[in-house]
Amino acid sequence: MSGILPRLVRQGLTDLALHPRASIGAVFSLTLITFLVGLFFMTLVTLDRQLGMARVETVFQVYWRPGTDIGRIRSAWAEYLHLPGFVAVKTYTPEQAMAELGARLGRSGASAGQLFPFLPADSALPATALVSLVPQGPDPEKWAKETEAYFRSQPGVARVAGTPVRDEMGRAWKNVSRYVIWPSVAFMTVMLGLTVGNTLRLLVLARAHEIEILQLVGAFNRHIRLPFIVSGAVLGIGGGLFALLLLYILHAQIAEVLNFPPLFLRIHFPPPPMSALLVLAPAATAAISGALAVKG
Amino acid sequence: MLRHNENKMRLPWRATNLVLLRPLPYSLSRMIRVRHLSHSFGQHQALSDVSFSLGKGEFVFLSGPSGAGKTTLLRILHAALPIQRGEAIVADFNLVRLPSASVPLLRRQVGVVFQDFKILPLRTVEENISLPLELRGLSDTHMERRVRAVCIALGLEERLKVKCRDISGGEQQRVAIARALVTNPKVLLADEPTGNLDPALSLRLMELFKQFQTYGATVLFATHSRELMGHYPEAHVMHLESGRITAANWPGAGVAHALRAGALRENFAVPGPGNAR
Ligand SMILES: Nc1ncnc2c1ncn2[C@@H]1O[C@H](COP(=O)(O)OP(=O)(O)O)[C@@H](O)[C@H]1O
Ligand SMILES: [Mg+2]
């Protein structure tokens, strides 16, 4: 059984050249589908990066007890500017809060007692600060608890409320992507397999005569299949590489197109494992459908 | 008894074991054994109750007009058609319930020259002829030597590197013959192998087939050419007509009225009643 395997492999290669039209057709449709899948991957990756990298901020609302010394409060506020992960702070002295509230209600210059008759006449609104911070460290929830404790520990602080706003968005995307990405990858792979299978069936049809002859002169089915597996794998790799090349060129053109304020959307090329999948999946499906296209 | 010993020498080891265990079955001394074989395509009965058997090294003409069922019979004998009724054993393979995995093994023992050649037009003469050798995993040098030898015998040595679509019909036919002969098959089924060849070449080819027979191959040679058979008056002839064996000149053919050689020749091999039909 010396040289039969290399011979069959070589035959799988030369057979492609013997049927140029079927082969080119197969590579073409493989490239097309793989390119579409790659485009889909690119969108997913870009979305994933955008939402994953989004500076997830948590907003803490800090209330002081009414009557706390305003100088003390102001120095606490100044301290916030130096917190790690500081993004923004919005502060309200009781008077500011009052003015704001009054403006909202359409009556400025009134005291709390005038606005709300049920309150004691001299009662004031609490001083408030809205602090936006980016979570630090690997565990955002632990960080949120610690930060909240820090705010609460400050003298005069009555209440702290932490609302992780954009964090929710990231987490939601993670959930979605878990349910979306891999099923769609699987779906695309099946699509790829079906199309490649059909194309290879055409190739097999073009070689039906040859297969018949091989069988008549005593070829085992594995001998007949091997060249088709090789042909399929070569077509698959060819189509995958072509698609990757097209995708690369496209990416080079559009990577920075959306990267301007306020979008700052940088388009990302699928990472190496996904790119490898774009070549290996068509190759594997093409090889398998090559084997299946020859019926026993 | 002599025949048994002959066979024992060339049997594959498995069959040899069988011989040691029990008396040699009759079928083993027969390369082709067909009993009550019938085949129909839909309503059309192509073969009806055909029985015959050929021993090792026997040469038999399968004669009969076009449409008699010659091709159908040969196709059944290399498992290209399933057995519908009756039984057939070829080169120790029982074709009734032959597992599909064994079909290639049978075909490696049986060389077939197809009426429609079945060669690959885009491959060269050499590639076509070496195809069955390739499948057997022969080395390149070994393969080349055998292909060259058979091509010289068939007058194809000049055409080895030419693609088969670029050679004449007669040459294509010789390629088909070469591919069947190159493996030294135990059984050779030839379906009108001289149909496209001129008389001189046909006779040269016949010599080749006869040579094969003397090497021990069993040859079943289908032809409708009475002229060709006329050159071999002593050959065994089996005449097929509308799917039935109507005459034969040796006892291996299962016809009730097996004719003497002379009678058969009078009737079929030389211009006779066949002409009138
Ligand atoms: N595949 C087929 N389908 C239907 N009828 C067939 C088929 N092959 C052969 N026949 C019919 O069977 C009969 C015998 O054909 P064949 O064996 O080719 O005869 P021969 O080889 O002696 O000329 C013919 O009548 C032919 O029309
Ligand atoms: Mg015929």
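The present account deals with the structure reproduced in this document. Along each chain, residues carry numbers from 1 onward, in the same order as the chain's sequence is written. The naming scheme follows written order: chains are lettered A onward, ligands numbered 1 onward. Local features in a predicted model are, by the rule used here, given only for residues with pLDDT of at least 70; side-chain atom pairs are given and counted only at 80 or more, and totals for whole chains, interfaces and linings are based on all residues. With hydrogens and water stripped out, all remaining heavy atoms of the structure feed into the side-chain values.

1. Side note on the overall build of chain B
Point 1. A tally of helices and strands in chain B yields twelve helices and ten strands.
Point 2. When the accessible surface of chain B is totalled, it reaches about 12,800 Å², and 52% of it is carbon and sulfur. Here a strand is any run of E in DSSP of at least two residues, a helix any run of H or I of at least four, and the numbering for each starts at the N terminus. Accessible surface area values rest on a Shrake-Rupley calculation with a 1.4 Å probe, where residue burial reflects the displayed protein chains alone.

2. Description of unusual backbone geometry
Residue and element names in this part refer to chain B.
Point 1. Here the phi dihedral of Ala 91 falls at roughly 45°; this positive angle occurs in a residue that is not glycine.
Point 2. Along the chain, Ala 91 turns up in the loop between strand E4 (85-90) and strand E5 (93-94).
Point 3. Even without being a glycine, Asp 92 presents a positive backbone phi close to 70°.
Point 4. Inspection of the secondary structure assignment puts Asp 92 in the loop between E4 and E5.

3. Some thoughts on the environment of Ser 48 of chain B
Point 1. Tracing the chain through its elements places Ser 48 of chain B in strand E2 (residues 44-55).
Point 2. Sequence spacing of Ser 48 of chain B and Gly 243 of chain B is 195 residues, and the spatial spacing of their C-alpha atoms is 5.3 Å.

4. Remarks on the pairing of E4 of chain B
Residues and elements named next belong to chain B.
Point 1. Between any two strands, at least two bridges found by DSSP are needed for them to pair. Two elements, strand E1 (residues 30-41) and E4, share five bridges in a ladder whose sense is antiparallel. Within E4, the residue paired with Arg 35 across the bridge is Glu 87.
Point 2. Between E4 and E5, which pair antiparallel in sequence order, lie two residues; one of them, Ala 91, sits at a positive phi of approximately 45°.

5. A look at the coordination of the magnesium ion (ligand 2)
All names here are of chain B.
Point 1. Around the magnesium ion (ligand 2), the protein contributes the donor atoms Thr 71 (OG1) and Gln 115 (OE1), at 1.9 to 2.3 Å from the metal centre. Of the two residues, Thr 71 is situated in helix H4 (residues 70-77) and Gln 115 in the loop between strand E6 (110-113) and helix H6 (125-135); the sequence distance between them amounts to 44 residues.
Point 2. Each residue is placed in one exposure class: buried if its accessible area under a 1.4 Å probe, protein chains only, is under 20% of its type's maximum, exposed if it is over 50%, and partly exposed if it falls in between. By relative accessible area, which is 38% here, Gln 115 ends up partly exposed. Sites may look incomplete, because water is not among the atoms used; the donor set itself consists of N, O and S atoms within 2.8 Å of the metal (3.2 Å for Na, K and Ca).

6. Some remarks on the site of ligand 1
Residues and elements named next belong to chain B.
Point 1. Inspection of the region around ligand 1 gives Phe 41, His 44, Ala 46, Pro 65, Ser 66, Gly 67, Ala 68, Gly 69, Lys 70, Thr 71 and Thr 72 as its neighbouring residues.
Point 2. In the model, an oxygen atom of ligand 1 is placed 2.6 Å from a nitrogen or oxygen of the Gly 67 main chain.
Point 3. Pairs of N or O atoms are called polar contacts if they sit within 3.5 Å, as long as, within protein, a hydrogen donor faces a hydrogen acceptor (for residues adjacent in sequence, only side-chain-to-side-chain pairs). In the environment of ligand 1, an oxygen atom lies 3.2 Å from a nitrogen or oxygen atom belonging to the backbone of Ala 68.
Point 4. The fraction of the free accessible surface of ligand 1 (560 Å²) that becomes covered by protein chains is 63%.
Point 5. Put simply, the parts of the chain that give the shell around ligand 1 at least two residues each are E2 and H4.
Point 6. Residue type decides the class: Asp, Glu, Lys and Arg count as charged, Ala, Val, Leu, Ile, Met, Phe, Trp, Tyr, Cys and Pro as nonpolar, and the leftover types, Gly among them, as polar. When the residues that make up the shell around ligand 1 are grouped by side-chain class, the tally is four nonpolar, six polar and one charged. Here a residue is considered near a molecule or strand provided that any single heavy atom belonging to it is located within 4 Å of it.

7. Examining the sheet that holds strand E3 (residues 59-63) of chain B
Residue and element names in this part refer to chain B.
Point 1. Spatially, E6-E7-E8-E3-E9-E10 is the arrangement adopted by the six strands of the open sheet, whose pairing is mixed. The outermost strands of the open sheet, each flanked by one partner alone, are E6 and strand E10 (244-248). Across the sheet, the mean angle from the axis of one strand to that of its neighbour is 20°, orientation sign disregarded.
Point 2. Pairing analysis gives four bridges linking strand E9 (residues 236-241) to E10, with the strands arranged antiparallel. Bridge assignment links Leu 240 to a residue of E10, and that residue is Ile 245.
Point 3. A contact between two residues is defined here by any heavy atoms of the two lying within 4.5 Å. Axis angles are defined between N-to-C directions and span 0 to 180 degrees, where every axis is a line fitted to C-alpha atoms and, for a helix, only to the segment in contact. Lying over the sheet, helix H9 (residues 199-214) contacts E3, E6, strand E7 (187-191) and strand E8 (218-223), oriented at roughly 135° with respect to E3.

8. Regarding the side chain of Arg 174 of chain B
All names here are of chain B.
Point 1. Mapped onto the secondary structure, Arg 174 falls in helix H8 (residues 169-181).
Point 2. The side chain of Arg 174 is buried and forms no salt bridge, while Glu 171, the nearest opposite charge, is found at 4.4 Å.
Point 3. Apart from the residues lying within four places of it in its own chain, the contact partners of Arg 174 are Leu 154, Gly 155, Leu 156, Leu 197, Leu 201 and Leu 205. Charge convention: Lys and Arg are scored as positive, Asp and Glu as negative, and His as well as the terminal groups of each chain are ignored. Throughout this description, the term salt bridge denotes a Lys or Arg side-chain nitrogen within 4 Å of a carboxyl oxygen of Asp or Glu.

9. Some points on a nonpolar patch on the surface
Residues and elements named next belong to chain A.
Point 1. Taken together, Val 9, Leu 13 and Val 234 make up a surface patch of nonpolar side chains, about 200 Å² in accessible area.
Point 2. Relative to the helices and strands, Val 9 is located in helix H1 (residues 4-18).
Point 3. The exposure class of Val 9 is partly exposed, given its relative accessible area of 34%. Only residues whose relative accessible area exceeds 30% and that take part in no salt bridge are eligible for patches, with like-charged residues grouped when within 9 Å of each other and nonpolar side chains (Val, Leu, Ile, Met, Phe, Trp, Tyr) grouped when within 5 Å.

10. Here we look at the pattern of salt bridges
Residue and element names in this part refer to chain B.
Point 1. Under the criterion given, the structure shown has ten salt bridges over all chains.
Point 2. Here Lys 70 makes a salt bridge to Glu 192, at a shortest N to O gap of 3.6 Å. Of the two residues, Lys 70 is situated in helix H4 and Glu 192 in the loop between E7 and H9; the sequence distance between them amounts to 122 residues.
Point 3. One salt bridge in this structure joins Lys 161 and Glu 126, with 2.4 Å as the shortest N-O distance. Of the two residues, Lys 161 is situated in the loop between helix H7 (140-154) and H8 and Glu 126 in helix H6; the sequence distance between them amounts to 35 residues.
Point 4. The exposure class assigned to Glu 126 is buried, which follows from its relative accessible area of 16%.

Structural measurements only, silent on function.
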